[in-house]
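Chain and residue survey
Residue strings, one per chain:
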Amino acid sequence: MPVIRAPSIFLTCALPSRKLRIGELLFLKLKEIGSEMRHPNLSASLSTNSERQKDKKLKGVDRTRESGKSIVEDDSTDSCIGIETIRSDPSRLDSMTVKELRTLTRNVGIPGKGTKKDLISALKDYSITLENASAGSNSLSEGSNTMPAAKPIQPESLPSKRKPKFLPIEEDAENMTTVSEITENKGKRSRRKQHPVESTNEDYSSTVITKKKMSAKAKKVQDTKRSRSSNEDSSIIQSDKGVMDQVGLSLNHAEPWTILAHKKPQAGWIPYNPKTMRPPPLTPDTNFVKLTSWNVNGLRALLKLESFSALQLAQKEDFDVLCLQETKIQEKDVEEIKQSLIEGYDNSFWTCSVSKLGYSGTAIISRHDMTQTSDWHALCKQLSDSCRKVEIKPISVKYGLGIPDHDGEGRLVTVEFDSFYLISGYVPNSGDGLRRLTYRVKEWDPSLSNYMKDLEKCKPVILTGDLNCAHQEIDIFNPAGNRRSAGFTDEERQSFESNFLLRGFVDTFRKQHPGVVAYTYWGYRHGGRKTNKGWRLDYFLVSESIADKVYDSYVLPDVIGSDHCPIGLILKL
């Protein structure tokens, strides 16, 4: 059987008819293009066959037309014949079709995406890369069978059943950028998506090195993928635009409050960290009182939690007075709860909702004279090594505001001490659809404010609890998205300011930490606590006359068990 031999191509007429895979067809097409470029005398004999297959989809080969001949590879240099010809005559690229350009780019490992202009640019850049890599050597002289210095792709970085490619090594990596193969048609097995990998002089194993010039679409996809990869172990805390992006495992799950979480932060704002922002403890011989307040969102449910220990909280905080809100207990449960109190905190005062059972409810629990306890030393060791021998003795107690319309829900309890009045309050929420907004700002807030001013005629007043208002934008993660949400409406914020702040009561935390972002409430629905997307709804407001005696006003974001966290106040006496 006669054989027509070309320098690098055999045209054989005795091979049996068979179907070829898509990869083989791509190779055949590339060989056909390369042959035309290198052997003009053969192009005429192959042009008829090339034109017939030009518009066919590469799914197979016509058995009848291809039964008598097929094209096979003679040596390893043929795989780069096309690109070598282009290097010697780049103008040939302009005469090639988009389909031919894509076939050529894929064969040498360049992403075959984009317009014709993009493909031509990529091929020219690749040609320059080869020329630079081979500069100073004769490895690419005409007729040579060796490729430029190359390093194979590491098998573990590729999908299974994928053969390693050989990519040219580029010396000047600083002036180059890496482009991963991008695919839109996920149905084609021969093209698989690869993640971009940082390129170094030692490892070029999963990307093709090109010049900085690339298509806008490829660069956009690359940047997106790279951001996902490079930020896996770090967090984007805040951008100048104020959008917090916390990616994958980057969030500090142990202490999320140390992340500045706010959609519209201002210059100078920082996250609250009680480990670094609280002053050193006062010595036991200093005369002061330590108050703790907490919306427990159901006291019975809290006490059943295995993760919560009232004793541990008392040991840690060593508070003199504990104020509770939203206890949700009924009057019949009060005595049972009192019996379960930790020894040493026997003074307790409870108010419950009678208009709606299992709703609202507030309480104040204070330390009694522990020096009279039979086992004082054991209790002192149990509570704190620096336990103070003082009694926070209540003088009088009052429940509610004295206004029937306001007192049916158990929202207020007031205890008089030697130096001040202490109010544990749970301000009504404006509710879904803001149905109680008018009641809140027109009736409740003014009534509570007047009540506090009346008490203030005798002694300074301390109001603490869930006041259901994030006063400023710094007090809420997403101010723009909650303009008409209960707790952040303009009406509630103006009422908070006019009825309390402008009447001489000081927000102690904001006075101590004017530019600090700290939240005391995180909704369960969206897991806000894990990402620190919350609200500051809990306060210690004090009469202006004792504001300077406040040694510390703080938040305890690490205490769990409720959708609120406790807050604290240390007041020198």
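Structure's up top.
Residues numbered from 1 in each chain as written. Predicted model: local features only at pLDDT ≥ 70, side-chain atom pairs only at ≥ 80, totals over all residues. Heavy atoms only, no water.

**Some thoughts on the overall build of the protein chain**
Note the threshold: Numbering of helices and strands starts at the N terminus; helices are DSSP runs of H or I of at least 4 residues and strands are runs of E of at least 2. Think of it in three bands: residues with accessible area under 20% of the maximum for their type are buried, residues over 50% are exposed, and the middle band is partly exposed, with areas taken using a 1.4 Å probe on protein chains only. In this analysis, two residues are considered to be in contact whenever any of their non-hydrogen atoms come within 4.5 Å of each other.
Counting its secondary structure elements, the protein chain contains 17 helices and 21 strands. Taken across its 573 residues, the protein chain has 48% of its residues classed as buried. Expressed as a percentage of contacts within the protein chain between residues at least 6 apart in sequence, the contacts between residues at least 24 apart total 67%.

**Overview of the packing of aromatic side chains**
Inclusion rule: Here a pair means two rings of Phe, Tyr or Trp (six-membered ring of Trp) with centres within 6.5 Å. Their orientation is stacked below 30 degrees between planes, edge-to-face above 60, and tilted elsewhere. Two conditions define a charge located above a ring, namely a distance within 6 Å from the ring centre to NZ of Lys or CZ of Arg, and an angle within 35 degrees of the ring normal.
Following the criterion strictly, the structure yields five aromatic pairs and no others. Look at Phe 496 and Phe 500: their rings are 5.9 Å apart centre to centre, the planes differ by 55°, and that puts the pair in the tilted class. Both residues of the pair, Phe 496 and Phe 500, count as buried. With 5.0 Å between their ring centres and 40° between their planes, Phe 496 and Tyr 539 make a pair best called tilted. In this pair, Phe 496 sits in helix α15 (residues 490-499) while Tyr 539 sits in strand β19 (residues 538-543), placing the two residues 43 residues apart along the sequence. A relative accessible area of 1% means that Phe 496 is categorised as buried. It is Lys 459 that lies over the ring of Tyr 421; its NZ or CZ is 6.0 Å from the centre.

**Some words on the layout of surface pockets**
In this approach the atoms are scanned with a rolling probe the size of a water molecule, which exposes any empty space left behind. Where we set the bar: Grid points spaced at 1 Å and placed over the protein atoms alone form the basis of the search, with a cavity being a set where a 1.4 Å probe fits but cannot get out and a pocket an open set showing protein on both sides within 12 Å along at least five of seven lines. Lining residues have an atom within 4 Å of a point. Grid points are joined across faces, edges and corners, and a volume is the space filled by probe spheres set on the points. For this classification, the nonpolar set comprises Ala, Val, Leu, Ile, Met, Phe, Trp, Tyr, Cys and Pro, the charged set comprises Asp, Glu, Lys and Arg, and every other residue, Gly included, is treated as polar.
Taken as a whole, the second largest pocket holds about 1,200 Å³ of empty space. Lining the second largest pocket are 37 residues, and of these Asn 429, Asp 432, Ala 486, Tyr 521 and Arg 525 sit closest to its centre. In the lining of the second largest pocket, the residues fall into 11 nonpolar, 14 polar and 12 charged.

**Observations concerning the sheet that holds strand β13 (residues 396-399)**
Sheets are built from strands that pair by backbone hydrogen bonding, the pairs being arranged parallel or antiparallel. Stated formally: By the convention used here, strands pair only if DSSP detects at least 2 bridges between them. Here, axes are lines fitted to C-alpha atoms. For helices the fit covers the stretch in contact, and angles between N-to-C directions go from 0 to 180 degrees.
The strand order β13-β14-β15-β16-β19-β17 describes an open sheet built from six strands, whose pairing is mixed. Of all the strands in the sheet, the pair left with one neighbour each is β13 and β17 (505-507). Mean inter-strand twist for the sheet, computed between neighbouring axes without regard to direction, equals 20°. Examined bridge by bridge, strand β16 (residues 461-466) and β19 share five bridges and lie antiparallel to one another. What sits directly across from Leu 463, in β19, is Leu 541.

**Details of the pairing of β16**
Spelled out, the test is: The definition of a right-handed crossover adopted here requires that, viewed with the strands pointing away, the path from the first strand over the helix to the second runs clockwise.
A large share of β16 lies buried, amounting to six of its six residues. Relative to β16, strand β15 (residues 421-426) runs parallel, the two being bridged by six bridges. Following the sheet pairing, Gly 425 is matched in β16 by Gly 465. Handedness of the β15-helix α14 (residues 437-456)-β16 crossover: right-handed.

**Thoughts on the pattern of salt bridges**
The criterion, for reference: Salt bridges, as used here, are contacts in which a Lys or Arg side-chain nitrogen is within 4 Å of a carboxyl oxygen on Asp or Glu.
With the rule as written, the count across this model stands at 25 salt bridges. The partner of Glu 416 in a salt bridge is Lys 459, and the shortest N-O contact between them spans 2.8 Å. Residue Glu 416 is located in strand β14 (residues 412-416), and its partner Lys 459 is located in the loop between α14 and β16; the two are separated by 43 residues in the primary sequence.

Just geometry here; none of it tells us what the structure is for.
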